[in-house]
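Structural features, examined
This is what each chain is made of:
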Amino acid sequence: MTEKTPRLRPELDSVPTYKPGRPAAPGGPVAYKLSSNENPYPPLPGVLESALAAAGSFNRYPDMACAGLMAELSDHFKVPLTHLATGTGSVGVAQQLVQSTAGPGDEVIYAWRSFEAYPIITRVAGATPVEVPLTPGEVHDLDAMLAAITERTRLIFVCNPNNPTGTVVHRAELESFLDRVPSGVLVVLDEAYREFIRDERVPDGIELYRDRPNVCVLRTFSKAYGLAGLRVGFAVAHEPVAAALRKTAVPFGVSQIAQDAAVASLRSEAALLERVEALVGERTRVVEGLLGQGWTVPETQANFVWLRLGERTMDFAAACERAGVVVRPFPGEGVRVTIGEVKANDLFLRAAEDFRKEL
Ligand SMILES: Cc1ncc(COP(=O)(O)O)c(C=O)c1O
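Residues numbered from 1 in each chain as written. Predicted model: local features only at pLDDT ≥ 70, side-chain atom pairs only at ≥ 80, totals over all residues. Heavy atoms only, no water.

**Regarding the UniProt feature "domain: Aminotransferase class I/classII large" (unreviewed entry) in the chain**
Basically, it comes down to this: UniProt positions are given in the numbering used here, feature names are shortened, and annotations may be inferred rather than shown by experiment. Numbering of helices and strands runs from the N terminus, with a helix taken as a DSSP run of H or I at least four residues long and a strand as a DSSP run of E at least two residues long.
Listed under "domain: Aminotransferase class I/classII large" (unreviewed entry) in the UniProt record, and renumbered for this structure, are residues 33–339. Secondary structure content for residues 33–339 is 40% helix and 18% strand, while the C-alpha to C-alpha distance between its ends is 10 Å.

Listed below in structure tokens is the structure:
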């Protein structure tokens, strides 16, 4: 029988669409985009120069092995080359991790609400998402996540700090969790916001992975390093996992511009981390401002804050937009607001204060 349309995999019917943070409307009243957890600073001059130099040969394919970047990462994080894999943003690497471990009939556990790509990449692989609600304090419920493990579990994401709540899990609880996860289940510590953490009780995943063959750490150049538009992230994991990532990578996925800019960023780390420090200072100011206005704000260790507004979410987002900032609403749940430049944060705080007065 001839069909009218190509046969697509039925699993795709249940794949939610990724909703990117909206940009500020061109020419509109809105001036600042606080909806995608981006770094508000423009590229550092040295990093921009490296990217521009690489752009001069974009008629050529990039180095598929990302050799220069891998060597720099290996040196920087003191990990063997064979424990590294790069990809098109850490979301690309996360997708490769799911493809490497889970297929139809397998389960992937993650907290909910967490990074909205997790359900998408799980379903695209044909695997089944198992979503474990955050605690009332908006933190990963690691005991409940352990209890959710079955014979079919293949991968568990722990997003630390969690997107969109900014909350963290501490060393003792995370280690105790890792000790109890069966060795055949891969635990992915998604540390996209690692550089913004100031709470010393939060462990560095790269220390935790060293003697744990079932732990993989995900990092990105998109947030603190400010390369979101270039799409480069990486994983640190023991050899079988890192090797699987190299097999599942899209060939030539990371452009030479991204590779060279990432190397230049690692070499300019001191200057970049100064900017991160300024953002952390702004985070403290925004959180204190919100608390002073009477809001409940979960403690955030990332470059964003979370307000659980429930039914008032969309009204709040609209009020922010009228005041000149685009935030990221999750309808019926809450609003995530990126820490931006001082002026943007001021506009947001004013909008939050005005909204609060009208409650
Ligand atoms: C928790 C988390 N992981 C991964 C990513 C992916 O970032 P990228 O693909 O730009 O590295 C994001 C981006 O928003 C995130 O919030």
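**Focus on the sheet that holds strand S9 (residues 304–307)**
Put simply, the rule reads: A pair of strands counts as paired when DSSP detects no fewer than two bridges linking them. In this analysis an axis means a line fitted to C-alpha atoms, helices contributing only their contacting stretch, and an angle means the value between N-to-C directions, from 0 to 180 degrees. Residues are treated as being in contact if the distance between any of their heavy atoms lies within 4.5 Å.
Taken together, three strands build an open sheet; the order of strands is S9-S12-S11 and the sheet is antiparallel. With one partner strand each, in any of the chains shown, S9 and strand S11 (328–330) form the two edges of the open sheet. Geometrically, the sheet is characterised by an average inter-axis angle of 20° between neighbouring strands, direction not taken into account. Note that S11 and strand S12 (residues 334–338) share three bridges and pair antiparallel. Across the sheet, residue Phe330 finds its bridge partner in S12, namely Gly334. Strands in contact with helix H11 (residues 313–323) are S9, S11 and S12; relative to S11, the strand with the most contacts, it is inclined by about 170°.

**So, the sheet that holds strand S8 (residues 233–237)**
Spatially, the seven strands line up as an open sheet ordered S2-S8-S7-S6-S5-S3-S4, and their pairing is mixed. Each edge of the sheet is formed by a strand with only one pairing partner; in this case those strands are strand S2 (84–87) and strand S4 (128–133). On average, each strand axis in the sheet is tilted by 25° relative to the strand beside it, whichever way the strands run. Where strand S5 (residues 153–159) lies against strand S6 (residues 186–190), five bridges are found, and the strand directions are parallel. Note that in S6 the partner of Leu155 across the bridge is Leu186. Sitting on the sheet, helix H2 (residues 67–77) is in contact with S2, strand S7 (215–220) and S8, with an inclination near 130° to S2.

**Quick notes on H11**
For clarity, the cut-off: The buried label goes to any residue with under 20% of its type's maximum accessible area, the exposed label to any with over 50%, and the partly exposed label to all in between, with areas taken from a 1.4 Å probe on protein chains only. Here the arc refers to the set of directions running from the helix axis out to each C-beta atom.
All buried positions along H11 are accounted for by Thr313, Phe316, Ala317, Ala319 and Cys320. Each buried residue of H11 sits inside an arc of 160° when the element is viewed along its axis, so together they form one side. The inward-facing, buried residues of H11 abut S9, strand S10 (325–326), S11, S12 and helix H12 (342–357).

**Quick notes on the UniProt feature "modified residue: N6-(pyridoxal phosphate)lysine" (unreviewed entry) in the chain**
As a reminder, the rule being used: What qualifies as a polar contact is a pair of N or O atoms within 3.5 Å, subject to a donor-acceptor requirement within protein and to the restriction that residues adjacent in sequence count only when both atoms come from side chains.
The positions UniProt marks with the feature "modified residue: N6-(pyridoxal phosphate)lysine" (unreviewed entry) are Lys223. By the secondary structure assignment, Lys223 is in the loop between S7 and S8. If near-sequence neighbours (up to four positions away) are discounted, Lys223 is found in contact with Ser36, Asn37, Asn39, Ala192, Tyr193 and Phe196. In this structure the side chain of Lys223 is engaged in a polar contact, spanning 3.4 Å, whose partner is the backbone oxygen of Ser36.

**Examining the pattern of salt bridges**
Where side chains of opposite charge bring their charged atoms close, a pairing between them can arise. How we decide: We define a salt bridge as a side-chain nitrogen of Lys or Arg found within 4 Å of a carboxyl oxygen belonging to Asp or Glu.
Counted according to the given criterion, the structure contains 18 salt bridges. A salt bridge links Arg7 to Glu3; the nearest nitrogen and oxygen atoms lie 2.6 Å apart. Glu3 gets classed as partly exposed once you look at its relative accessible area, which sits at 39%. We note a salt bridge from Asp106 to Arg154, for which the minimum N-O separation is 3.6 Å. Of the two residues, Asp106 is situated in the loop between helix H3 (89–101) and strand S3 (107–112) and Arg154 in strand S5; the sequence distance between them amounts to 48 residues. Overall, Asp106 belongs to the buried group, its relative accessible area being 15%. Residues joined in a network through salt bridges with shared partners are Glu191, Asp204 and Arg219.

**Description of the environment of Gly87**
Along the chain, Gly87 falls in strand S2. Taking the C-alpha atoms as reference points, Gly87 and Leu245, separated by 158 residues in sequence, lie 8.6 Å from one another. In contact with Gly87, other than residues within four places in its own chain, are Val93, Gln96, Arg231, Val232, Gly233 and Val254.

**Some points on the packing of H3 against helix H8 (residues 239–248)**
Quick reminder of the rule: Roughly parallel refers to an angle under 35 degrees, roughly antiparallel to one over 145, roughly perpendicular to one between 65 and 115, and oblique to any angle outside these ranges. Put simply, Ala, Val, Leu, Ile, Met, Phe, Trp, Tyr, Cys and Pro go in the nonpolar bin, Asp, Glu, Lys and Arg in the charged bin, and everything else, Gly too, in the polar bin.
With their axes 9 Å apart at the nearest point, H3 and H8 run at an angle of 105° to one another. Considering the angle they form, H3 stands roughly perpendicular to H8. For the pair formed by H3 and H8, the contact residues are Val93, Gln96, Leu97, Gln99 and Ser100 on the first element and Val241, Ala244, Leu245 and Thr248 on the second. Grouping the amino acids of the contact of H3 with H8 by side-chain chemistry returns five nonpolar, four polar and no charged.

**Here we look at the packing of helix H1 (residues 45–55) against helix H9 (residues 256–267)**
As a reminder, the rule being used: Take the far helix as the reference: if the near one is turned anticlockwise from it by less than a right angle, the crossing is left-handed, and if turned clockwise, right-handed.
With their axes 8 Å apart at the nearest point, H1 and H9 run at an angle of 155° to one another. Judged by the angle between their axes, H1 and H9 are roughly antiparallel. For the element pair H1 and H9, the recorded crossing hand is right-handed. On the side of H1, the interface is formed by Gly46, Val47, Ser50, Ala51, Ala54 and Ala55, while H9 contributes Gln256, Ile257, Asp260, Ala261, Ala264 and Ser265.

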